[in-house]
Amino acid sequence: MSHHISSFLVLGMVVLGCGPTQEDVRRLVREEMSRAMERKIVSPTKTIGPYSPAVRLWNFLFVSGQNGLDQKTGQLKIETIETETRQALANIHTILHSEGYDSSHVVSATVYLKNMNDYAKMNTVYGAFFREGDYPARTTVAVSELPKQANIEITVIAYK
């Protein structure tokens, strides 16, 4: 029985005064929870390893770390930290939009920087990605290395 039909039947039983049984309610709740917790792999961009660009679970979208990999050329854009940051954020944008999200839905971000001296430059580009005053929670971590000799990697969690 489809989700809409079972919900309609339970609602109809309530309206008609012959309330649903406890088992009807339990079944409906189980069906709703099962649908809500379905895991969906999101793959609008290329990856450089055995992982998914993002996973959607309920209203959350967990975006894997994105670096400056140009999706058209397959090459890392490493001219400057600003260029690399812009490309990482463009990759995040592509993933978010593929599922109907945008930067306003991002609730948390983690930025991995190979060189903390790049923090101010990265921060300027990063800040422009979000609506001013509506920034997600963020952690920035200095790391010794990143895949493909990248200088930055950004991961986000979005919710709507």
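Predicted model, so just to flag it, every value in this text is computed and none were measured.

Here we come to the environment of Val111. Relative to the elements of secondary structure, Val111 occurs in strand S4 (residues 106–113). On the basis of relative accessible area, Val111 is assigned to the buried category, the value being 0%. Expressed as a C-alpha distance, the spacing of Val111 and Arg138, which sit 27 residues apart in the sequence, is 7.5 Å. The residues touching Val111, leaving out its near neighbours within four places in the chain, are Met122, Tyr126, Arg138, Thr139, Thr140, Val141, Ile152, Glu153 and Ile154.

This paragraph deals with the sheet that holds S4. Ordered in space as S1-S2-S3-S6-S4-S5, the six strands form an open sheet in which the pairing is mixed. Here the strands that pair on one side only, and so sit at the sheet edges, are strand S1 (39–42) and strand S5 (137–142). The mean angle between the axes of side-by-side strands here comes to 10°, regardless of whether they run parallel or antiparallel. Inspection of the sheet shows strand S2 (residues 54–57) paired to strand S3 (residues 60–66) by four bridges, in the antiparallel sense. Across the sheet, the residue bridging to Val55 is Phe62, located in S3. Set on the sheet, helix H4 (residues 119–129) makes contact with S4, S5 and strand S6 (152–159); between it and S5 the angle comes to about 150°.

A few words now on the packing of aromatic side chains. Within this structure, the stated rule accounts for six aromatic pairs. Aromatic side chains Trp58 and Phe60 sit 6.3 Å apart centroid to centroid with 50° between the ring planes, which places their arrangement in the tilted category. On the basis of relative accessibility, which here comes to 29%, the residue Phe60 falls in the partly exposed class. Connected via pairs of aromatic rings, a cluster forms that spans Trp58, Phe60, Phe62 and Tyr159. In this arrangement the basic side chain of Arg138 is found over the ring face of Tyr126, its NZ or CZ atom lying 4.4 Å from the centre. Just above the ring of Tyr101 sits the side chain of Lys160; from NZ or CZ to the centre is 5.0 Å.

Attention shifts here to the nonpolar core. By size, the foremost hydrophobic cluster in this structure holds 24 residues, and its most contacted members are Leu61, Val63, Ile92, Leu96 and Ile154. When residues of this core are traced back to their parent elements, those giving at least two are S3, helix H3 (81–98), S4, H4 and S6. Of all the elements, H3 adds the most residues to this core, at six residues. Not counting residues within four places of it along the chain, the set of residues in contact with Leu96 comprises Leu61, Val63, Tyr101, Asp102, Ser103, Val106, Phe129 and Ala158.

A few words now on the packing of H3 against H4. Viewed as axis vectors pointing N to C, H3 and H4 meet at an angle of 30°, and their least axial separation amounts to 9 Å. Considering their axes alone, H3 and H4 lie roughly parallel with respect to each other. For the pair H3 and H4, the crossing hand works out as right-handed. Residue-level inspection shows Ile81, Glu82, Thr85, Arg86, Leu89, Ile92, His93 and Leu96 of H3 in contact with H4, the latter providing Lys121, Met122, Val125, Tyr126 and Phe129.

The rules we used
Residues numbered from 1 in each chain as written. Predicted model: local features only at pLDDT ≥ 70, side-chain atom pairs only at ≥ 80, totals over all residues. Heavy atoms only, no water. Helix = DSSP H or I, 4+ residues; strand = E, 2+ residues; numbered from the N terminus. Buried < 20%, exposed > 50% of the residue type's maximum accessible area, 1.4 Å probe, protein only. Contact = heavy atoms within 4.5 Å. Pairing = 2+ DSSP bridges. Axes fitted to C-alpha atoms, helices over the stretch in contact; angles between N-to-C directions. Phe/Tyr/Trp six-rings, centres within 6.5 Å; stacked < 30°, edge-to-face > 60°. Lys NZ or Arg CZ within 6 Å of the ring centre and 35° of its normal. Core = buried A, V, L, I, M, F, W, Y, C linked by side-chain atoms within 4.5 Å. Parallel < 35°, antiparallel > 145°, perpendicular 65-115°, else oblique. Left-handed = near helix turned anticlockwise from the far one by under 90°.

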